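# Observations on the three-dimensional arrangement
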Amino acid sequence: MPTFPFSAIVAQDEMRQALLIAAVDPSIGGVLVFGDRGTGKSTAIRALAALLPPMRAVVGCPYRCDPDSPAESCPHCAATPGPRKSHKTAVPVVDLPLGATEDRVVGTLDLERALGAGVKAFEPGLLARANRGFLYIDEVNLLEDHLVDLLLDVAASGINTVEREGLSLRHPAKFVLVGSGNPEEGELRPQLLDRFGLACEVATPRDIATRIAVVRARDAYERDPEGFCAARERDEAAIRKKILLARERLPGLTVPDSALERAAQLCLALGTDGLRGELTLMRTARALAALDGAGSVTDDHIRRVAPAALRHRLRRNPLDESGSTARVERALAEVFS
């Protein structure tokens with residue numbers, strides 16, 4: 001069955017915008033989507049995967065290295081110097097199940113080759129499959145602590161180091177981390193929360209018209225998936241082209257001092273720790289400007305991405321019972337007044 005089209009997702013504008021921004025600039029650091037069950041979180045993330053334009057990769061490389069600049073840590077490309085054949089392949093979107101073992105995630109010894117041929121060979125895991133793509137964790141707040149620690153190490157370095165069963169190996173593992181979950185089922189560890197560049201809140205629609213539109217679209221898709229997707233192909237192609245054009249514009253986009261000053265004022269007003277808030281806010285606003293076809297970042301871009309870039313970076317304030325989104329909106333009103 002074909003994937004539900006990204007262009008057919010009704011409402012949830014902040015989530016759709018954040019996923020497109022992550023597709024334009026992976027350096028932003030991933031997307032966390034928290035909200036009610038049945039609000040299209042998993043649907044949107046899988047729809048983005050089907051939407052992304054294909055990428056070039058080295059033929060035969062299990063880590064899908066870029067043929068123009070293979071990773072120095074790639075054992076396959078290091079063993080085959082010189083010109084490399086390339087082909088186009090889909091951008092990987094890999095699911096990390098909650099019950100996955102550490103061996104399945106990081107990779108392990110290929111027992112079939114070890115027993116049959118007596119060769120110590122590495123069997124790549126989920127992190128290898130996700131290189132240059134997306135690693136998706138549903139119910140990320142329920143992920144086991146030892147896997148969280150592992151992800152933190154790899155996300156920070158972009159390299160997976162495997163030391164087990166007599167194997168010692170390093171391979172590239174650069175991916176956009178995408179997580180979804182329901183806050184009622186538990187909070188996310190602060191260390192992992194900080195690794196997400198953007199955090200979106202999704203909620204069940206409260207108006208009748210939107211609820212009807214969602215139900216009608218889903219029902220039409222389930223009745224005739226091929227026909228529903230074919231009718232949306234032109235819209236999907238338009239979004240795909242928009243992503244490609246934004247990636248081309250991104251390196252030439254300027255961020256004026258006034259925009260950086262606004263970002264710093266916002267983070268100071270909110271009391272965010274460190275400078276990661278400003279950096280993420282700047283990169284996110286720049287990617288949004290590229291999607292909009294603008295020549296530089298404006299105050300409008302800063303305002304539109306500030307809640308997603310900053311809401312998960314706020315300290316708890318026992319004297320302020322407002323939610324994080326309300327606090328960001330209040331700071332925006334003060335800074336941009």
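One can find the structure itself at the top, above this paragraph.
Now for a quick tour of the structure. (Residues numbered from 1 in each chain as written. Predicted model: local features only at pLDDT ≥ 70, side-chain atom pairs only at ≥ 80, totals over all residues. Heavy atoms only, no water.)

## Details of the overall build of the protein
Helix and strand content of the protein: 15 helices and eleven strands. In terms of overall dimensions, the protein is globule-like: its C-alpha atoms have a radius of gyration of 21 Å, near the 20 Å expected for 337 residues. The dimensions of the protein, computed from C-alpha atoms along their principal axes, are 70 × 50 × 45 Å. Long-range pairs, those at least 24 residues apart, make up 76% of the contacts in the protein with a sequence separation of at least 6. Here the protein displays about 16,800 Å² of accessible surface, and carbon together with sulfur accounts for 51% of that area. Across the protein, the 43 positively charged side chains and the 46 negatively charged ones have centroids separated by 5 Å. (Helix = DSSP H or I, 4+ residues; strand = E, 2+ residues; numbered from the N terminus. Rg over C-alpha atoms; globule rule 2.2 N^0.38 Å. Contact = heavy atoms within 4.5 Å. Areas by Shrake-Rupley, 256 points an atom, 1.4 Å probe, with all protein chains shown as cover. Lys, Arg positive; Asp, Glu negative; His and termini not counted. Charge placed at Lys NZ, Arg CZ, Asp CG, Glu CD.)

## A look at the pairing of strand 11 (residues 198–202)
Of all five residues in strand 11, four are buried, a share of seventy percent or more. One ladder, built from five bridges, connects strand 1 (residues 31–35) with strand 11; its direction is parallel. Bridged to glycine 35 within strand 11 is valine 202. (Buried < 20%, exposed > 50% of the residue type's maximum accessible area, 1.4 Å probe, protein only. Pairing = 2+ DSSP bridges.)

## Focus: the side chain of arginine 311
Turning to its location among the elements, arginine 311 is positioned in the loop between helix 14 (299–310) and helix 15 (324–335). Owing to a relative accessible area of 8%, arginine 311 belongs among the buried residues under this scheme. Among the polar contacts listed, one links the side chain of arginine 311 to the backbone oxygen of alanine 199, at a separation of 2.6 Å. When residues no more than four places from it in sequence are discounted, the contact partners of arginine 311 are Glu14, Ala199, Cys200, Glu201, Ala306, Ser324, Thr325 and Val328. (Polar contact = N/O pair within 3.5 Å; in protein donor to acceptor, adjacent residues only side chain to side chain.)

## Section: the nonpolar core
Within the largest apolar cluster, 66 residues are counted, with the highest numbers of intra-cluster contacts made by Phe6, Leu19, Leu48, Leu266, Leu281 and Leu310. When neighbours within four sequence positions are excluded, leucine 48 is seen to be in contact with Phe6, Leu19, Leu20, Ala23 and Phe134. (Core = buried A, V, L, I, M, F, W, Y, C linked by side-chain atoms within 4.5 Å.)

## What about empty space enclosed by the protein?
According to the stated counting rule, one finds one cavity of 30 Å³ or more in the structure shown. Here the largest cavity is characterised by a volume of approximately 30 Å³. At three residues, the largest contribution of residues to the lining of the largest cavity is made by helix 2 (residues 41–51). Among the residues making up the lining of the largest cavity, the classes are represented as seven nonpolar, no polar and no charged. (1 Å grid on protein atoms, 1.4 Å probe; cavity = no way out; pocket = protein on both sides within 12 Å on 5 of 7 lines; lining within 4 Å. Points joined across faces, edges and corners; volume = space filled by probe spheres on them. Nonpolar A, V, L, I, M, F, W, Y, C, P; charged D, E, K, R; others polar.)

## Quick notes on the side chain of glutamate 278
When you line up the elements, glutamate 278 lands in helix 13 (residues 276–292). Contacts of glutamate 278, omitting those with residues within four sequence positions, involve Ala263, Ala264 and Cys267.

## As for the packing of aromatic side chains
Here the structure, examined in full by the defined rule, presents three aromatic pairs. Geometrically, the ring pair formed by phenylalanine 4 and tyrosine 221 is edge-to-face, given 5.1 Å between the ring centres and 80° between the ring planes. Within this pair, whereas phenylalanine 4 is found in the segment before helix 1 (13–24), its partner tyrosine 221 is found in helix 9 (residues 208–223), the two being separated by 217 residues in sequence. Residue class for tyrosine 221 comes out buried when judged on its relative accessible area of 5%. Among the aromatic residues, ring-to-ring pairing joins Phe4, Tyr221 and Phe228 into one connected group. (Phe/Tyr/Trp six-rings, centres within 6.5 Å; stacked < 30°, edge-to-face > 60°.)

## Quick notes on the packing of helix 1 against helix 11 (residues 233–249)
Taken N-terminus to C-terminus, the directions of helix 1 and helix 11 make an angle of 50°; their axes are 9 Å apart at the nearest point. As judged from the angle between their axes, helix 1 and helix 11 are oblique. In the packing of helix 1 onto helix 11, the handedness of the crossing is right-handed. Residue-level inspection shows Leu20, Ala23 and Val24 of helix 1 in contact with helix 11, the latter providing Ile239, Ile243, Ala246 and Arg247. Class assignment for the residues of the contact of helix 1 with helix 11 results in six nonpolar, no polar and one charged. (Axes fitted to C-alpha atoms, helices over the stretch in contact; angles between N-to-C directions. Parallel < 35°, antiparallel > 145°, perpendicular 65-115°, else oblique. Left-handed = near helix turned anticlockwise from the far one by under 90°.)

## Points about the pattern of salt bridges
Under the definition given, this model contains 17 salt bridges. Among the salt bridges present, the one from arginine 311 reaches glutamate 201, with a minimum N-O distance of 3.7 Å. Here the residue arginine 311 occupies a position in the loop between helix 14 and helix 15, and glutamate 201 occupies one in strand 11, the gap between them amounting to 110 residues. Taking the relative accessible area as the measure of exposure, glutamate 201 reaches 44% and is therefore partly exposed. (Salt bridge = Lys/Arg side-chain N within 4 Å of Asp/Glu carboxyl O.)

## Section: the environment of glutamine 191
Inspection of the secondary structure assignment puts glutamine 191 in helix 8 (residues 190–193). Counting along the chain gives 121 residues from glutamine 191 to histidine 312, while the straight-line C-alpha distance between them is 11 Å.

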